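A closer look at the structure
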Amino acid sequence: MDFSTPPYLLKNASVTRVMAQVLLALVPAIAVYAWLIGPAILIQIALATMTALVAETLMLKVRNRPLALFLTDGSAVVTGWLIALVFPPLAPWWLVVVGTLFAIVVAKHLYGGLGQNPFNPAMIAFAVCIVSFPAFMSQWPNQALHLGLLDQFQVIFGLMPRLDALTAATPLDALKTALKLDEAGIGVPALLANRNVYGSFAGHGWEWIALSYLVGGLWMWQRKIITWQVPTGFLGALFLISGALWLYHPDRFASPLFHLFAGGSMLGAFFIATDPVSGATTPRGKLIFGAGAGLLTYLIRVFGGYPDGVAFAVLLLNICVPLIDLYTQPPIFGMKDGK
Amino acid sequence: MLQLFKFKGGVKPATNKAQSLVEPVAVAPLPSHVAIPLHQSIGGTPRPIVAVGDKVLKGQKIGEADGWISAAVHASTSGTVIHVGPQVVPHPSGLTADCVVIEPDGRDEWIARNPVDYRSLAPEAVRELLREAGVVGLGGAVFPTHGKLTAAKSVPMEEMVINGAECEPYITCDDMLMRERAVDVVRGAGVFRDLLQPKRVLIGIEDNKPEAVAAMQAAVRATGENFEVIAVPTRYPAGGAKQLIRVLTGKEVPASKRSTDLGVQCFNVATAYTAWRAIAHGEPVVSRLVTLTGNVDKPRNYEVLIGTPMDELLALAAPRSDTDGILMGGPMMGFLVPNFKVPVVKATNCLIAHSDALFPPKAPEMPCIRCGECARACPHELQPFEMYWFSRAKNFGKTQEYNVFDCIECGCCSFVCPSRIPLVQYFRFAKSEIWAREKEKNAAETAKTRFEFKQFRDEREKREKAEKLAKAAAAQAAKKAAEAQAATSAPEPVAPSPLDADQAVKKASIQAAMERAKAQREAAAARNTESLTADQQHEIEAIEARRIAAFGTDETTEK
Amino acid sequence: MISAIAVMALGAILLGAALGYASIKFKVEGDPLVDKIESILPQTQCGQCGFPGCKPYAEAIAKGGAEINLCPPGGAEGVRRLADLLGREVKALDAKEKPKSVAVIDENTCIGCTLCIQACPVDAIVGAAKQLHVIIEPLCTGCELCLPPCPVECISIEPIVETVDSWKWKYPVIAITPTDTPKAA
Ligand code: SF4
Ligand code: SF4
Ligand code: SF4
């Protein structure tokens, strides 16, 4: 008798479907990104996807796993896309390749592959690269220049000299540096008034990408790919702490609106901190996980030395997951009143 | 209208019930033979009280309940017993169990049926009657019903729930029962009510069965009872006893408690029906309603004799040619029976013809991605992926810490898992391993205490013997001394000590016995066995086989 | 410098005192290791390990004098658990693993000599002189100690067959191997 087991009915669910919907949810943001910042992102995504798939294939071969089954699960592609989205779009081609290789080979497969990685692979890639290549990782495109696709391609592949004028800091970084240098005390509101850099509310161009992430995230929530706890915890904590400090000293601290839409907040809240494998699993645990990540993001980006804090915040919280899960086990059916 | 509660989790698979609801219930024709397993309920295995060759009547008891938690079994038709012994039974193991096989005589002749007025009987006698009639939970758990009909001493009985939810896809036998025989169901519930004395009786039916709800409401009115018939939202597993109790009363029964401890008890509608047949018509449980559906052309509900071979039964529904198996029970909690010939038992509520088109083979299993879908689907609010992780690693202590024994094996977690992990299977595995270990540990514990006691006794006996011997020796010495004084010189011949003599006698007798035994053994092979009854013959064969097995396989005894 | 050494010394003294106190306060009576080992042994009392019973074997293991792979009834599983407890290496069982068994007395041959009764370490045999003896199955540990004393070789050891009641759900073996790589549907 073959070893088929009840239940004989299964929902039409698969890892591939889950991952495909995550990718779909990223599409609007990518479109906005390509339109507002430049098509370079598409090149980076293509690079990252290819690298991810090649690395995945090699590792599956080495680890003697069924190729077709795991290659089609889509998890490597999601990792690749996320890496491309958090890296500077004009970064040299090898930067994304190195990051993706590290994510797939070390952060994913050396820990046991799909489902076993304790850390978010994309964030490991980001952390490794920003520590190893801090200069390249902080060269964001200067939006005053409008380069065509071909020019961008040439910049990425080193066929064109990497001029300083091409790049600039991210709005978050720019604000931090400005505040540090600013002895005269111009204050945040005056700085943010520079629409060319800071846009309408959270960075020229970037704010609209963040908004698209929010839309994609809400769609995933509606499709039950993610639950509300992590994004709510993340954005809630970020809102509360930035709001508190803003009220305390509006000249030194940017408004919650800025922080919610600047940098990687939205991407982190909906697409990165919600990674099920490396995140907390219990409902309360997810709230704590999200809130912790939101809080740390703020602390690192405002008081720390890095332009943004999402990667390190998420990685630090990944470490705490077993503990969080252990202490937030929900009571089971029939055991709700204490005993 | 009563306030309904919700249970967490649950899933909504396609119900597929309409197919088998078109036709009314039909009576299945007499099968070529019936094979009635003796063990058809939780608890003690009934002892067979018929032998090969006996003529039995329909409803005649063939298995005597063993212990209080056990229920009698009965011949389901009249005929001749042609076999008493192991047969493959519908069980996921595919193992055999003792059955009584009866060849019907075609008359289907009842024993004398004695309806009783249960109101004139003591509650104890009613419970005994149900035990003798083989009334067990027909929802699938087959727990002897009389064992559930005693209220907890300290907790007043508040609600009695009658379960007509029938939440599993495909199954419609309870639905048809309520549509066609609602009055008897209500009367049976009335009997349970009188025994348990609850404050309220709640009949829960999923709201996808409006006809059944209407029929039951009409029956309640017609019988003048004050039962409440309540439509509950359709969501698997709303028909799980614990889920239905939760929905109707808001009480949650954990695995560590009995529902009566919370003042509530739950019975299936079919159980109530058979209880009423047993009391008011004197008919023990010899048949039940079975849904035939799945990969068949004529799905329908049949009234089927217990023991009917499944292939003969399924033939009535015209299974399609690509049918490659029979699912007993629903697609969520049922299992593929080991072969097509196994008999229908009291737990058989539904037979689903299986084909790969209908139930596609599962895609390969992937690693768990900790998505938590399973935890959200679990009606018992467990963390299936944690239990999976630990049972997979065979870390049973941890599995138990995550409450694997609260799992009702409903299958919701496997149903939703995007990685298609057979989660329930892991939990069943973990549970049975934990049980086996527990048993082993207890056995070791018993062996140890018994060993220690034996050692202690041996010590004591030795001590006592030594004391006795010392006393005797002292006495002898005194005597000898006296004799020595009396006698003068002649040295005494050394007489064999009484102990030695004793042993010699024993040895001789054992020697003799060995020879006798040897002779006997040799004779046994050549003995004329023609005049023996079939029974004795079987016995001799069994003994012979045992002996061959023992001497043939074990070299240490061979030499 | 001096103060640093003084602080260190003080810390050492304090911690030492705390440890000493704890070892007195939480002293465990008896030898818990022997008990723990014994609780893993199957209590068959068969002596197949070469010791006169489970307890002596447990004591010998605790003293370090005995290997952990000598108990056939405990099987590989038992060796593994002993290795876990003691932090020793898992070894292959030093004997053939036998299925769990019980002894059965052949009713036709038994002469009622009572010799097996005396041999049985767990009093699992009932009978009287010149009467048929019977083995109480649930109590029998299958230790085989009653086999040699029987003068007429009427006791045999039989493996316990799996029944519907004792059947166990199997480990779901669904291997992830590259040999079958159907396209994920
Ligand atoms: S549903 Fe499956 S993949 Fe998701 S957490 Fe549960 S076991 Fe893991
Ligand atoms: S089978 Fe058990 S663990 Fe899975 S959903 Fe049902 S009760 Fe929960
Ligand atoms: S009956 Fe024989 S095999 Fe069983 S425990 Fe006693 S001596 Fe051992």
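Residues numbered from 1 in each chain as written. Chains lettered and ligands numbered in written order. Predicted model: local features only at pLDDT ≥ 70, side-chain atom pairs only at ≥ 80, totals over all residues. Heavy atoms only, no water.

**Looking at helix H2 (residues 32–40) of chain C**
Taken residue by residue, H2(C) has C:Val34, C:Ile37, C:Glu38 and C:Ile40 as its buried positions. Down the axis, H2(C) shows its buried residues gathered within 155° of arc, on one side only. In this structure, the buried side of H2(C) is in contact with helix H11 (423–486) of chain B together with helix H3 (54–63) and helix H4 (75–86) of chain C. (Buried < 20%, exposed > 50% of the residue type's maximum accessible area, 1.4 Å probe, protein only. Helix = DSSP H or I, 4+ residues; strand = E, 2+ residues; numbered from the N terminus. Arc of directions from axis to C-beta. Contact = heavy atoms within 4.5 Å.)

**Here we look at empty space enclosed by the protein**
All names here are of chain A. Summed over all chains, the structure comprises 9 cavities of 30 Å³ or more. Estimates place the volume of the largest cavity at around 440 Å³. Together, 27 residues line the largest cavity, and Val86, Trp140, Gly263, Gly264 and Asp308 are the ones closest to its centre. Contributions of two or more residues to the lining of the largest cavity are made by helix H4 (75–86), helix H6 (121–132), helix H9 (171–181), helix H12 (206–222), helix H15 (265–272) and helix H17 (310–327). A total of 4 residues in the lining of the largest cavity trace back to one element, the largest contributor, which is H12. (1 Å grid on protein atoms, 1.4 Å probe; cavity = no way out; pocket = protein on both sides within 12 Å on 5 of 7 lines; lining within 4 Å. Points joined across faces, edges and corners; volume = space filled by probe spheres on them.)

**Notes on the interface of chain B and chain A**
With 54 residues of chain B at the interface, the matching set in chain A holds 40 residues. Here chain B and chain A share an interface that buries about 3,900 Å² over both sides, 63% of which is from carbon and sulfur atoms. Linking chain B with chain A are 1 salt bridge. A:Asp325 serves as the salt-bridge partner of B:Arg370, at 3.6 Å between the closest nitrogen and oxygen. Here chain B and chain A share 9 residue pairs in polar contact (both at pLDDT 80 or more) between them. Among the elements of the structure, helix H4 (241–249), strand S16 (335–336), helix H7 (373–377), helix H8 (384–392), helix H10 (412–416) and H11 of chain B are those that each provide at least two residues to the side of chain B that touches chain A. Classifying every residue of the side of chain B that touches chain A gives 30 nonpolar, 11 polar and 13 charged. (Buried area = accessible area lost by both parts, 1.4 Å probe. Salt bridge = Lys/Arg side-chain N within 4 Å of Asp/Glu carboxyl O. Polar contact = N/O pair within 3.5 Å; in protein donor to acceptor, adjacent residues only side chain to side chain. Nonpolar A, V, L, I, M, F, W, Y, C, P; charged D, E, K, R; others polar.)

**Things to note about the packing of aromatic side chains**
Any two aromatic rings considered together are summarised by their centre-to-centre distance and by the angle between their planes. Under the criterion given, the structure shown has 22 aromatic pairs over all chains. Here the aromatic rings of B:Phe429 and C:Tyr171 are separated by 5.0 Å at their centres, their planes lie at 70°, and the arrangement is edge-to-face. Highlighted residues: B:Phe429 in helix H11 and C:Tyr171 in the segment after strand S4 (155–159), drawn from two different chains. Between B:Phe453 and B:Phe456, the ring centres sit 6.2 Å apart and the planes meet at 40°, which makes this aromatic pair tilted. You can see B:Phe453 and its partner B:Phe456 sitting in helix H11, 3 residues apart, about one turn around the helix. Judged by its relative accessible area of 45%, B:Phe453 falls in the partly exposed class. Here B:Lys394 stacks its cationic end above the ring of C:Tyr171, 4.7 Å away from the centre of that ring. (Phe/Tyr/Trp six-rings, centres within 6.5 Å; stacked < 30°, edge-to-face > 60°. Lys NZ or Arg CZ within 6 Å of the ring centre and 35° of its normal.)

**Comments concerning the interface of chain C and chain B**
Counting from both sides, the interface comprises 41 residues of chain C and, opposite them, 46 residues of chain B. When the buried area of chain C at its contact with chain B is split by residue, C:Val164, C:Trp169 and C:Tyr171 rank highest and sum to 18% of it. At the boundary of chain C and chain B, one finds 5 salt bridges. B:Lys454 serves as the salt-bridge partner of C:Asp123, at 4.0 Å between the closest nitrogen and oxygen.

**What about a nonpolar patch on the surface?**
All names here are of chain A. Where nonpolar side chains cluster on the molecular surface, the patch consists of Leu218, Trp221, Trp228, Leu287 and Ile288 and spans about 490 Å² of accessible area. Counting residues per element, the ones that place at least two in the nonpolar patch are H12 and helix H16 (283–303). Within the secondary structure, Leu218 is located in helix H12. Using a relative accessible area of 42% as the deciding quantity, one classes Leu218 as partly exposed. (Patch = residues over 30% accessible without salt bridge, like charges linked within 9 Å, V, L, I, M, F, W, Y side chains within 5 Å. Areas by Shrake-Rupley, 256 points an atom, 1.4 Å probe, with all protein chains shown as cover.)

**What to know about the site of ligand 3**
The full set of residues close to ligand 3 is C:Ala103, C:Cys120, C:Pro121, C:Val122, C:Ile125, C:Ile135, C:Cys140, C:Thr141, C:Gly142, C:Cys143, C:Glu144 and C:Cys146. Among the residues making up the shell around ligand 3, the classes are represented as 9 nonpolar, 2 polar and 1 charged. (Near = heavy atom within 4 Å.)

**A look at the side chain of B:Lys17**
Residue and element names in this part refer to chain B. Relative to the elements of secondary structure, Lys17 occurs in the segment before strand S1 (26–27). In this structure, Lys17 is buried with no salt-bridge partner, the nearest side chain bearing the opposite charge being Glu166 at 4.3 Å. Apart from residues no more than four positions distant in its own chain, Lys17 is found in contact with Glu166, Cys167, Glu168, Tyr170, Ile171, Thr172, Asn208 and Lys209. (Lys, Arg positive; Asp, Glu negative; His and termini not counted.)

**Thoughts on the sheet that holds strand S9 (residues 159–163) of chain B**
Residue and element names in this part refer to chain B. Spatially, S11-S10-S9-S12 is the arrangement adopted by the 4 strands of the open sheet, whose pairing is parallel. The open sheet is flanked by strand S11 (228–232) and strand S12 (264–268), the only strands paired with a single partner. On average, each strand axis in the sheet is inclined to that of its neighbour by 25°, with strand direction left out of account. Relative to strand S10 (residues 200–206), S9 runs parallel, the two sharing 5 bridges. Directly across from Asn163, in S10, lies its bridge partner Gly204. Seen against the sheet, H4 touches S9, S10, S11 and S12 and runs at an angle of roughly 125° to S9. (Pairing = 2+ DSSP bridges. Axes fitted to C-alpha atoms, helices over the stretch in contact; angles between N-to-C directions.)

**Notes on the packing of H6(A) against H17(A)**
Helix-helix packing is characterised by the crossing angle of the two axes and by the distance between the axes. Residue and element names in this part refer to chain A. Between H6 and H17, the least distance of the axes is 9 Å, while the angle of their chain directions is 125°. What the angle tells us is that H6 and H17 run oblique. Viewed along their axes, H6 and H17 form a crossing whose handedness is left-handed. Contact residues: Met123, Ile124, Phe126, Ala127, Ile130 and Val131 in H6; Ala311, Phe312, Val314 and Leu315 in H17. Looking at the contact of H6 with H17 residue by residue, the class counts come to 10 nonpolar, no polar and no charged. (Parallel < 35°, antiparallel > 145°, perpendicular 65-115°, else oblique. Left-handed = near helix turned anticlockwise from the far one by under 90°.)

**A look at the site of ligand 2**
All names here are of chain B. What surrounds ligand 2 is the set Cys378, Pro379, Pro384, Met387, Cys407, Ile408, Glu409, Cys410, Gly411, Cys412, Cys413 and Phe427. Residue assignment for the shell around ligand 2 shows that the elements contributing at least two residues are H8 and H10. Broken down by class, the residue content of the shell around ligand 2 amounts to 10 nonpolar, 1 polar and 1 charged.

**Focus: the sheet that holds strand S6 (residues 73–74) of chain B**
Residue and element names in this part refer to chain B. Strand order in the open sheet formed by 3 strands is S3-S5-S6, with antiparallel pairing between adjacent strands. Of all strands in the sheet, those with a lone pairing partner are strand S3 (47–48) and S6, marking the two edges. As paired elements, S3 and strand S5 (residues 61–64) share 2 bridges and run antiparallel to each other. Each bridged residue has a counterpart across the sheet, and for Pro48 the counterpart in S5 is Gly63.

**Let's talk about the environment of B:Ala75**
All names here are of chain B. Summarising the element assignment, Ala75 is placed in the loop between S6 and strand S7 (79–88). Its relative accessible area of 0% is what places Ala75 among the buried residues. Put simply, Ala75 and Asp194 are 119 residues apart on the chain and 29 Å apart in space, counted from C-alpha to C-alpha. Residues contacting Ala75, with those up to four places away along its chain left out, are Ile36, Val56, Leu57, Lys58, Gly59, Gln60, Ile62, Ile102 and Val286.

**Some points on the confidence of the model for chain C**
Mean pLDDT for chain C: 81, with 90% of residues reaching 70 or above. Model confidence for the complex: the whole-complex pTM is 0.83, and ipTM, which rates the interface, is 0.87. (pLDDT = per-residue confidence, 0-100.)

**A few points about the environment of B:Tyr402**
Looking at the secondary structure, you find B:Tyr402 in the loop between helix H9 (396–401) and H10. Judged by its relative accessible area of 12%, B:Tyr402 falls in the buried class. Spatially, the C-alpha atom of B:Tyr402 lies 35 Å from that of B:Leu358, the residues being 44 residues apart in sequence. Excluding residues that lie within four positions of it along the chain, B:Tyr402 makes contacts with A:Leu326, A:Gln329, B:Leu382, B:Glu386, B:Met387 and B:Phe390.

**Observations regarding a negative patch on the surface**
Residues and elements named next belong to chain B. Taken together, the side chains of Asp458, Glu459, Glu461, Glu464 and Glu467 define an acidic patch exposed on the protein surface. Relative to the elements of secondary structure, Glu464 occurs in helix H11. Assessed through its relative accessible area of 44%, Glu464 is described here as partly exposed. (Charge placed at Lys NZ, Arg CZ, Asp CG, Glu CD.)

**Points about the domain arrangement of chain C**
All names here are of chain C. The domain boundaries assigned to chain C delineate domain 1 (32–86) and domain 2 (99–162). Computed from C-alpha atoms alone, the centre-to-centre distance between domain 1 and domain 2 is 25 Å. Of the roughly 360 Å² buried between domain 1 and domain 2, counting both surfaces, carbon and sulfur atoms make up 60%. On the domain 1 side of the contact with domain 2, Thr44, Gln45 and Cys46 bury the most area, a combined 78% of that side's loss. The tally of links from domain 1 across to domain 2 stands at 0 salt bridges. (Domains from an automatic or database assignment.)

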